[in-house]
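# Structural overview for review
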Amino acid sequence: MPVSAATETKLREAMARLLAGEPLHTDGALTKENLAREAKVSHATVHRAEEILAEWDAKVARPVLRTPGEVQRDETIADLRKQLREAKSQVTETQGKLDALATVTANLYAENFALKKKLGSRQRLAVVPAQDG
């Protein structure tokens with residue numbers, strides 16, 4: 001039982017979008033299942049459209065491992081991973097600097113505290129009034 005003219009049109013438009021790497025309703029993989037999804041028809045309907053299936057098989061003689069959309073997606077992912085590695089490296093470097101600054105600050109605080117304590121004991125000695133005998 002052949003498909004209607006409207007269904008045939010849907011399937012041809014879906015095939016064109018998939019082959020161009022511009023799917024609207026699928027991930028873009030060149031499969032008969034995606035052809036059905038892209039055309040918004042059942043898988044059984046695709047298999048009844050023998051003429052369109054023959055065209056599909058001729059154009060997709062061997063399965064394409066990645067569609068243009070998938071290639072673009074993978075390139076974007078690789079770029080984002082590179083950016084993430086660089087950002088993590090910057091974070092690690094900045095954290096190291098912050099740790100060093102925290103150590104210096106703690107040392108300066110301890111030195112400041114010791115100097116204030118020493119200065120305070122000297123001031124107490126200088127303030128003690130002289131006693132007349």
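This is a predicted model, so every value here is computed, not measured.

### Digging into the packing of aromatic side chains
- What the rule picks out here adds up to one aromatic pair.
- With 6.5 Å between their ring centres and 20° between their planes, Tyr-109 and Phe-113 make a pair best called stacked. Placement of both Tyr-109 and Phe-113 in helix 5 (residues 68-127) is noted, with a separation of four residues, approximately one turn of the helix. Accessibility classification places Tyr-109 together with Phe-113 in one group, the exposed group.

### So, the environment of Pro-68
- Along the chain, the position of Pro-68 falls in helix 5.
- Taking the C-alpha atoms as reference points, Pro-68 and Leu-19, 49 residues apart in sequence, are found 9.1 Å from one another.

### Quick word on the side chain of Thr-45
- You can see Thr-45 is positioned in helix 3 (residues 43-48).
- Of the polar contacts made by the side chain of Thr-45, one reaches the side chain of Ser-42; its length is 2.7 Å.
- In this structure Thr-45 touches Val-3 and Thr-7, once residues within four positions along its chain are discounted.

What counts as what
Residue positions are given per chain, counting from 1 as you read along its sequence in written order. Only residues with pLDDT of at least 70 are given local features in this predicted model, and only at 80 or more are side-chain atom pairs given and counted; all residues enter the totals for whole chains, interfaces and linings. Hydrogens and water are ignored here; the side-chain numbers use all heavy atoms of the structure. Two rings belonging to Phe, Tyr or Trp (six-membered ring only in the last case) form a pair when the distance between their centres is within 6.5 Å. Interplanar angles under 30 degrees mark stacking, angles over 60 mark edge-to-face geometry, and anything in between is tilted. Strands are runs of DSSP state E lasting at least 2 residues, helices are runs of H or I lasting at least 4, and numbering of each runs from the N terminus. Each residue gets one of three labels from its accessible area relative to the maximum for its type: buried under 20%, exposed over 50%, partly exposed in between, using a 1.4 Å probe on protein chains only. Under the rule applied, a polar contact is a pair of N or O atoms within 3.5 Å (in protein, one hydrogen donor and one hydrogen acceptor; residues adjacent in sequence only if both atoms are side-chain atoms). Pairs of residues are marked as contacts when any of their non-hydrogen atoms sit within 4.5 Å.

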